[in-house]
Amino acid sequence: MIHGKHWVPVLAVAAVTTGMVIADQYDAGYFRRTTTLNTSNAGFSSTNTATGMVLAPIAFYASGYLFKNNYAKQTALLSGEAALDGEIVGYSIGRFAVLHE
């Protein structure tokens, strides 16, 4: 059952999202024309992003193991599972797109 106390955060997120969508038509042109972001794009390459997605759960698990924190270890396992699930879906969609070109 929905109670009234959760409407304020929901409406706040909806308002911010609506504002960002409306503002996009005015500020998107700058980001399409600028070349200042080219160096940061190299830092977020697919290889670097995948490495970070793999290393984050490993680091969480290692710290949980080192400090005997079962909550951190469980969080690491869940985040690793979520990352793997996302990769499986992404790979499947990519294969499907290639097959239907």
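1. Concerning the packing of aromatic side chains
Argument step 1. Inspection of the entire model under this criterion finds one aromatic pair.
Argument step 2. Ring geometry for tyrosine 30 and phenylalanine 31: centres 5.1 Å apart, planes at 80°, overall edge-to-face.
Argument step 3. Residue tyrosine 30 is classed as partly exposed on the basis of its relative accessible area of 48%.
Argument step 4. The exposure class of phenylalanine 31 is partly exposed, given its relative accessible area of 49%.

2. Section: the confidence of the model for the protein chain
Argument step 1. Averaged over all residues, the pLDDT of the protein chain is 87; the fraction at 70 or higher stands at 96%.
Argument step 2. Within the protein chain, no element has a lower average pLDDT than helix 2 (residues 38–43), which sits at 75, and none a higher one than helix 1 (residues 7–33), at 91.

3. A look at helix 4 (residues 70–99)
Argument step 1. Compared with the 44 Å implied by 1.5 Å per residue over 30 residues, the 43 Å span of helix 4 between its first and last C-alpha is a close match.
Argument step 2. Considered for burial, the residues of helix 4 that qualify are Ala72, Lys73, Ala76 and Ala83.
Argument step 3. Packed against the buried residues of helix 4 are helix 3 (46–66).
Argument step 4. The N-terminus of helix 4 is capped by asparagine 69, whose side-chain oxygen sits 3.0 Å from the backbone nitrogen of tyrosine 71.

Calculation notes
Residues numbered from 1 in each chain as written. Predicted model: local features only at pLDDT ≥ 70, side-chain atom pairs only at ≥ 80, totals over all residues. Heavy atoms only, no water. Phe/Tyr/Trp six-rings, centres within 6.5 Å; stacked < 30°, edge-to-face > 60°. Buried < 20%, exposed > 50% of the residue type's maximum accessible area, 1.4 Å probe, protein only. pLDDT = per-residue confidence, 0-100. Helix = DSSP H or I, 4+ residues; strand = E, 2+ residues; numbered from the N terminus. Expected span 1.5 Å × (residues − 1). Contact = heavy atoms within 4.5 Å. Polar contact = N/O pair within 3.5 Å; in protein donor to acceptor, adjacent residues only side chain to side chain.

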